[in-house]
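Each chain is listed here by its residues.
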Amino acid sequence: MLFIRFIRIILLIFIILLLPGRLTGQQITGKRSIQWTPIQQVRIGNHDMAVFHFRHASYELNTLLPNYYELLKIENNFEYEVRIENPIFQEADYELIRDIKNLEDLPSQITVSSRISSLRKENHLQVSFIPLRRNSRTGRVEMLTGFDLALIPSARTVKSSPALTREYSDRSVLASGKWVKIRVVTDGIYSLSYEQLQQIGIEDPANVRVYGNGGGMLSMQNKDPRHDDLVENAIVNTGDKIFFYGQPPDVWKYDESDDFYSKVLHDYSDGTYYFLTSDLGTGLTVRNFQSPSSPANYTTTTFDVLRHHEIEDINLIRSGREWYGEHFDIVTEQSFPLSLGTTVSGEDVRIRVEAVGRASVQTSMQVRANGNLLGSLVMQGTSIGSYTQPHAKAASDTYTFLPSSDEIDITLRYIKNAPSAEAWLNYITLNGRIELYAPSGIMNNFRDRLSVGAGRITEFIIKGASSTAEVWNITDPLRPVRMQTVLQDNTLRFTSPTEELKEFIVFEPESGSILTPITEGDDVGTVSNQNLHALRAKNYVIVSPPQFISQARSLAAHR
């Protein structure tokens, strides 16, 4: 007797990944057979239930009818109609199947489902169906024992996910040559002299290349774009040192629908890594941007200033990715100074605050800016003694106010209504506007959401700049571009198309503001060669609750 044990009413079943066959166009893919076994019994709760069974069968939870599944390799990205041809059926013995449930709705024709997926960087067709029918003439249940699969390609290609259209390298960048890993933790322009390059193991500084994929976390969505391997970055090699743009692990993201910048902290790393080699010859150089021939139709002397306060100090349930900072308990009021810079008269500041409260009833937290009440976060109560209820309840809100000075003091006061009530700050994020100013020796990156518009060509005016100041467009952090600038009376001007949001950085190459990457420590230094792209994918078995069977198959096909 076959027993499938249910734990909390969840039936676990094994998905067996079948070896794919190769397909090119319309064709019969060969004879297949289904090896039916005697009727089996499964235990669901305290009851035994009869089920059809064959080798490699999987089951739908709501019907317990067996499902046939096969994975076929295809050479294109067409949609396919899949049909069963030359079927051979065997009538089921009524006496043996009389106790099997959900047979009354069996159709007279078998319906085949199919979908395109990606496996080992190649396209495959997933095929599945229930190999049972009710004979329309006799009314008897019949089992499919043999058949051919016919694939009829459509002229229409699949609207595939990026995973299906993504190109993959056959060889990893780090597969050969000598490589040195360095780390950056701050946003800005970095420099290494020839002596420093030689000290870390770069034998030919004149031909040094820099590889890396910038900062920020990989998306948790497999469908989202990502780099297949390390990408070469554009740099400047002056003959005695190199300059490159380094992006930190924590990055700013602009939400156009919300008109707000949020800072996304990296959950797993406090540094961004770059890889250097001199074994591949001369590399990419930061190219010079040619200013538009058309005149500017928008001018800006200000930019979006962004400030963020967040301490990753406390994990309330010792699990998961959420960490919190300042604790509000005995001390119920705390202040957080945020310096803006030279604010623009009449421009509002927006501030977003998020906190969590743990109390049996609703609590609140007042938010003040320079003593003025902006509003209150309201945090719902939770069941303190329950392990199944949320440990704490979060609340966030965004407030707008007109700053009275360049220094903003945010004060949070927790309204503690019970001895056991407590709260924790998650973050404070501030969005404002300040003057575009670049005093000597100061590096500053900037963006201006107000400059964005259809057909927009923007002239940026930077006050206080020196004669050695440069501006790079770092919208693409891997391929920065040097802007064409004009300096007059310590005012630097440049123009750029701004139909989309651009980010720039202004700096002086020989000033003390230029950063130096981290080249010493356990996590940096010489890197052994590795060729991960040459590794072959492994077969494996997925254990899945039956209600997730389709998602499990999709995961299996995405290997």
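Quick notes on the sheet that holds strand 20 (residues 241–246)
Judged by pairing direction, the sheet is antiparallel, and its three strands sit side by side in the order 16-20-19 without closing on themselves. Only two strands of the sheet have a single neighbouring strand rather than two, namely strand 16 (188–193) and strand 19 (236–237). Relative to strand 20, strand 16 runs antiparallel, the two being bridged by six bridges. Within strand 20, the residue paired with glycine 188 across the bridge is glycine 246.

Observations regarding the sheet that holds strand 39 (residues 486–488)
The strands making up a sheet associate through backbone hydrogen bonding, with each pair oriented either parallel or antiparallel. Taken in spatial order, the four strands line up as 25-36-40-39 in an open sheet, and their pairing is mixed. Where the open sheet ends on each side, the last strands, each with one partner, are strand 25 (298–300) and strand 39. The average angle at which neighbouring strand axes cross in this sheet is 25 degrees, direction not considered.

Here's the deal with the nonpolar core
Counting 44 residues, the largest nonpolar core has Met365, Leu412, Ile428, Phe446, Ile462 and Val471 as its most contacted members. With five residues, the top contributor of residues to this core is strand 34 (residues 422–435). Sequence-distant contacts of methionine 365, that is, excluding residues within four places in its chain, are made with Phe328, Ala355, Gly375, Ser376, Leu377, Met379, Leu412, Arg413, Tyr414 and Ala423. Counting residues in each nonpolar core, the second largest holds 35 residues, with Ala57, Leu103, Leu106 and Val112 among its members.

Thoughts on the environment of aspartate 148
Assignment of secondary structure puts aspartate 148 in strand 14 (residues 141–157). Each C-alpha atom of the pair aspartate 148 and aspartate 409 lies 74 Å from the other, and the pair is 261 residues apart in sequence. Here lysine 31 takes part through its backbone nitrogen, which lies 3.2 Å from a polar atom of the side chain of aspartate 148.

What counts, and where the lines are drawn
- Residues numbered from 1 in each chain as written.
- Predicted model: local features only at pLDDT ≥ 70, side-chain atom pairs only at ≥ 80, totals over all residues.
- Heavy atoms only, no water.
- Pairing = 2+ DSSP bridges.
- Helix = DSSP H or I, 4+ residues; strand = E, 2+ residues; numbered from the N terminus.
- Axes fitted to C-alpha atoms, helices over the stretch in contact; angles between N-to-C directions.
- Core = buried A, V, L, I, M, F, W, Y, C linked by side-chain atoms within 4.5 Å.
- Buried < 20%, exposed > 50% of the residue type's maximum accessible area, 1.4 Å probe, protein only.
- Contact = heavy atoms within 4.5 Å.
- Polar contact = N/O pair within 3.5 Å; in protein donor to acceptor, adjacent residues only side chain to side chain.

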